[in-house]
Structure formats: C-alpha cells, structure tokens
Amino acid sequence: MRPFSLTSHTTWNMRPIYFFFNIILKYQLYTVGLPLLIAELRALQNSLIFIFKLNKILNAQELQSEKKGNKIHDEHLFIVTHQAYELWFKQILWEMDSVRVIFQNGHVRDERNMLKVITRMNRISMILKLLVEQFSVLETMTALDFFDFRYYLSPASGFQSLQFRLLENKIGVPQSLRVPYNRRHYRDNFKGQDYELLLKSEQEPTLLQLVEAWLERTPGLDAEGFDFWGQFEVNVLKGLEEEFALVQAKPESEEKDDDLSEFQKQKDVLLSLFDEKRHEHLLSKGDRRLSYKALKGALMIYFYREEPRFQVPFQLLTSLMDIDVLMTKWRYNHVCMVHRMIGSKAGTGGSSGYQYLRSTVSDRYKVFVDLFNLSTFLVPRHWIPKMNPTIHKFLYTAEYCDSSYFSSDDSD
C-alpha cells in the first residue's frame, strides 16, 4: 500500500472537498470568532491596563546607569520613589486648584459649600502625611548605594520638580522670601513652557490671598453690629488693670518682681494686637502674612470656635496649619536624607545641596504662620466678649444662598 501523500491521485481528487470545508471554516471564524475577538478587544480597552495607562507608567523607569552599561540595582528604587512623589504632587495640585476655584467664584459665601473645601483640604493633608513617611523607604538605601549611581543623575536636581514649585506658588509662598537657588531667582532655573507656567501661577490668586479675603468677611467684625474687636479691646484693657492690681497687692518680694516682669511682657504682647500700624510694619517685613482685618476674623473664629457657625471655619484654619506643618516636615525629612546621603557636597544640579535645603526649613516658607501665632494672644475666657441673644442667634445660623450653592457635579 502506498503511503498517504498530497501528490497521490486519491488526495488530489479530494482537494475540492478540502477547499469546501476550508470555506465553511473561514465563514464560521468570521461570523462567530470575529465578534468574540472584537468583544475581547473592547474588554481589554476597558481594563485597568488601558484605563490607568499602566503600560506607560510601569515602563517609565529608565535606569541611567543601565543605559551607560553599568546597571545599578538601587537606582530603580530611587526612580520609582520620585515618580510616586510626582504623581501625588499632581493630585495635591488637583485638589488645591478645585478649592481655589470655589473661593474665587464666591461659592464660600454659601456656607454649605465649606464641607467640600474641608474635605479636599484634609485629603491634601493625608497625602502629605504619606509623602513625609515615604522618605523611610528611600532611607533603606545607604549613602554608598546612592553614591554608586549618583554620578549618572547629573545635572538633574530635585529643585527641578516643577509641580512642587507650582504648589508653593499656589498655596502662597512669598516670592520676596524665597531663598535664591544658585544665586538666581528660582524661576530662572526653568525654561520654555515650565517657566511660563510658573510665571502664570505667580500672577493667580493664591490660597493665602483667597483665605484672607474670606476671613475679612467674618460675621461680627463690623462696628455697626457685634463689634467683636472693639469689645475685645475694652475687655483686655480692663482685664490687664485687674491683673496689675492683684500683682501690686502682693507683699514686696523677689517673686513679686518676677510677676511684675511677666505681667509687663504679657501686656506688651496683648496691646500690640491693637496697634494697626505695627501690624502693617510687620506685614511689610514679611513677618506677618494676613491683613489686619483678616487677623481679626481669624482670632474671632479661634475664640468662638464652639459656636455652630464657626465650627467649620475653625476646621479650615486647622487644616491650613496642618498643611503648613506637613510641608515643613517634608522639607526637614528631605534635608536629613540629603545630609545622610551626600553630607556637605554640592547638589547634582549645582546648588549647595544640604546648606541650601536647610535654609528652606524656616518660617519664611510657612504660609499660614499668622494662624500659628494666634495662640500668642490667648486670654482668660471671661475676657472674651459675651454675646447677647440676638447676636448668638445670628452666629448660630449658617449663611446660605441658593445662587451660590452647587452640587458635586457643578464643582468640577
């Protein structure tokens, strides 16, 4: 028996049958398989990989050491950590911009919108807490591990983080108080579109300015109404007189001298609060950031924080201080890590490295420093002006206006 072969007579005669079945198979694949293939492609497009662009993100780690033919293991950790920082900076800017829009459009006049502001500010705080802790991951790398690939990073520098500079501008870091970088204005270290974005952010209303305008509208400040400031000044003067009388009544002793000295210090501090010219002088020097009227509003919210109308505003002031604290902690952790990794060497971008970073950990970069200083002016509770029933009812009821209230959809 001859072996089966395509060249055999029998096989040749069966070719029409093969051809027929081939047509049927292709038809089935087209009518049944193609829709399935299309469905699978659509499912793939709706998968996390496509929605979150994971392929781009997970393949965005290019080791400079590997490109130079000397792959260093820990460079991968360094890259991933900094990419994670930048992604979180982007989210912080997203939240910050939305809050600024709410203030700019006047929606905060309807106090129902303040919950949205508080929620987003607290979200920023939670992200910053995460970023502060993230340094501990980088610190699993030793100075020698970093030294192995540091050369390949030059002339890149952490200062080149555009998003962090934008965050500083939008929150309200004063341009006049910035520490020069490489003896140049910080913006001069950026070019092209990045430079324009920074310039634009400097010209936009900062969160500090928007909060300042909001504080100036604090109900109860007007002299025609409750006149909180006028009554508060009267109470402080009266309280100081009573305290001085108590100290003077003590028998002569070293303890009395100490008490008189402490009283005089307290008196000078409290009376300075009512000196508007002194406030303006401190404002011009950069030692204070809020206007005199805004400072009055902040102090009023601080004193009456238990009143229903001031509870949410007090939470906002607290969240603003939280952000300042966390930004300072982030800078401090950055300084400590850089000092550990490179000592007193110059940075890869040409800066003085540790010395430059250390100079940024100060009140000059703390935006809401005036809110921290409110505790300087604490007084006994009975010095705080009492409210009559009419004013108490006024401060018990939140202000709302349907024209300025918006839903979650409207806010975006």
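Keep in mind that this is a model prediction, so the values were computed, not measured.

**Considering the overall build of the protein**
Then step 1. Within the protein, the regular secondary structure consists of 19 helices and 0 strands.
Then step 2. Burial analysis of the protein (412 residues in total) assigns 40% to the buried set.
Then step 3. The long-range fraction of contacts in the protein, counting pairs at least 24 apart against all pairs at least 6 apart in sequence, stands at 74%.
Then step 4. Total accessible area on the protein is roughly 24600 Å²; 57% of this is exposed by carbon and sulfur atoms.

**A short note on the nonpolar core**
Then step 1. Ranked by size, the top nonpolar core spans 94 residues in total, and within it Trp214 and Phe232 carry the most contacts.
Then step 2. Tallying contributions element by element places helix α15 (residues 308–342) first for this core, with 14 residues.
Then step 3. Beyond its immediate chain neighbours, meaning those up to four positions away, Phe232 contacts Leu273, Phe274, Leu299, Phe303, Val379, Trp383 and Pro385.

**Re the pattern of salt bridges**
Then step 1. Under the defined criterion, the tally for this structure stands at 14 salt bridges.
Then step 2. The partner of Glu95 in a salt bridge is Arg123, with the nearest N and O atoms 2.9 Å apart. Of this pair, Glu95 sits in helix α5 (residues 75–104) while Arg123 sits in helix α6 (residues 114–138), and the two are 28 residues apart along the sequence.
Then step 3. The salt bridge involving Arg178 is made with Glu168; its shortest N-O contact spans 2.8 Å.

**Section: the packing of helix α11 (residues 228–248) against helix α14 (residues 292–303)**
Geometry of a packed helix pair, given as the angle between the helix axes and the separation of the axes.
Then step 1. The geometry of α11 relative to α14 is characterised by a closest axis approach of 11 Å and an angle of 70 degrees between their N-to-C directions. Put simply, α11 runs roughly perpendicular to α14. Here Phe228, Trp229 and Phe232 of α11 lie close against α14, whose contacting residues are Tyr292, Lys296, Leu299, Met300 and Phe303.
Then step 2. When grouped by side-chain class, the residues that make up the contact of α11 with α14 number 7 nonpolar, no polar and 1 charged.

**Thoughts on the packing of α5 against helix α8 (residues 162–171)**
Then step 1. Viewed as axis vectors pointing N to C, α5 and α8 meet at an angle of 25 degrees, and their least axial separation amounts to 10 Å. In terms of orientation, α5 lies roughly parallel with respect to α8. Between α5 and α8 lies a crossing whose hand is left-handed. Of α8, the residues touching α5 (which contributes Glu86, Phe89, Lys90, Ile92, Leu93, Met96, Asp97 and Arg100) are Gln163, Phe164, Leu166, Leu167, Lys170 and Ile171.

**Topic: the environment of Val379**
Then step 1. Relative to the helices and strands, Val379 is located in the loop between α17 (369–372) and α18 (389–396).
Then step 2. The exposure class of Val379 is buried, given its relative accessible area of 12%.
Then step 3. When the C-alpha atoms of Val379 and Leu270 are compared, they prove to be 8.9 Å apart, with 109 residues separating the residues in sequence.

**Quick look at the environment of Gln104**
Then step 1. Take Gln104: it is sitting in helix α5.
Then step 2. Taking C-alpha positions, Gln104 is 9.9 Å from Ala213, a pair spaced 109 residues apart along the chain.
Then step 3. Aside from chain neighbours lying at most four places away, what touches Gln104 is Pro205 and Leu210.

**A word on the packing of aromatic side chains**
Then step 1. Summed over the entire model, instances satisfying the criterion amount to 24 aromatic pairs.
Then step 2. Seen in terms of ring centroids, Phe228 and Tyr304 are 5.8 Å apart; in terms of plane orientation they differ by 75 degrees. Their pairing is edge-to-face. In this pair, Phe228 sits in helix α11 while Tyr304 sits in the loop between α14 and α15, placing the two residues 76 residues apart along the sequence.
Then step 3. Overall, the relative accessible area of 0% leaves Phe228 in the buried class.
Then step 4. For Tyr304, a relative accessible area of 7% puts it in the buried group.

**Quick word on a negative patch on the surface**
Then step 1. On the surface, Glu254, Glu255, Asp257 and Asp258 cluster together into a patch of negative charge.
Then step 2. Within the element layout of this structure, Glu255 appears in helix α12 (residues 254–272).

**Considerations on α5**
Then step 1. Here α5 spans 43 Å end to end across 30 residues, near enough to the 44 Å set by a 1.5 Å rise per residue.
Then step 2. Just downstream of α5 lies Gly106, where phi reads positive at about 80 degrees.

**Some details on the environment of Asn182**
Then step 1. For Asn182, the position within the fold is in the loop between α8 and α9 (192–203).
Then step 2. Overall, Asn182 belongs to the partly exposed group, its relative accessible area being 31%.
Then step 3. Each C-alpha atom, one on Asn182 and one on Tyr356, is 9.0 Å from the other, the two residues being 174 residues apart in sequence.

**As for the confidence of the model for the protein**
Then step 1. Taken as a whole, the protein shows an average pLDDT of 84; of its residues, 80% reach a score of 70 or greater.
Then step 2. Low pLDDT, under 50, characterises residues 1–12; the predicted model gives this stretch 7 contacts beyond four residues in sequence or across chains.
Then step 3. Confidence over residues 402–409 falls short of pLDDT 50; this stretch has 17 contacts with residues more than four positions distant or in other chains.

Rules and cut-offs
- Residues numbered from 1 in each chain as written.
- Predicted model: local features only at pLDDT ≥ 70, side-chain atom pairs only at ≥ 80, totals over all residues.
- Heavy atoms only, no water.
- Helix = DSSP H or I, 4+ residues; strand = E, 2+ residues; numbered from the N terminus.
- Buried < 20%, exposed > 50% of the residue type's maximum accessible area, 1.4 Å probe, protein only.
- Contact = heavy atoms within 4.5 Å.
- Areas by Shrake-Rupley, 256 points an atom, 1.4 Å probe, with all protein chains shown as cover.
- Core = buried A, V, L, I, M, F, W, Y, C linked by side-chain atoms within 4.5 Å.
- Salt bridge = Lys/Arg side-chain N within 4 Å of Asp/Glu carboxyl O.
- Axes fitted to C-alpha atoms, helices over the stretch in contact; angles between N-to-C directions.
- Parallel < 35°, antiparallel > 145°, perpendicular 65-115°, else oblique.
- Nonpolar A, V, L, I, M, F, W, Y, C, P; charged D, E, K, R; others polar.
- Left-handed = near helix turned anticlockwise from the far one by under 90°.
- Phe/Tyr/Trp six-rings, centres within 6.5 Å; stacked < 30°, edge-to-face > 60°.
- Patch = residues over 30% accessible without salt bridge, like charges linked within 9 Å, V, L, I, M, F, W, Y side chains within 5 Å.
- Lys, Arg positive; Asp, Glu negative; His and termini not counted.
- Charge placed at Lys NZ, Arg CZ, Asp CG, Glu CD.
- Expected span 1.5 Å × (residues − 1).
- pLDDT = per-residue confidence, 0-100.

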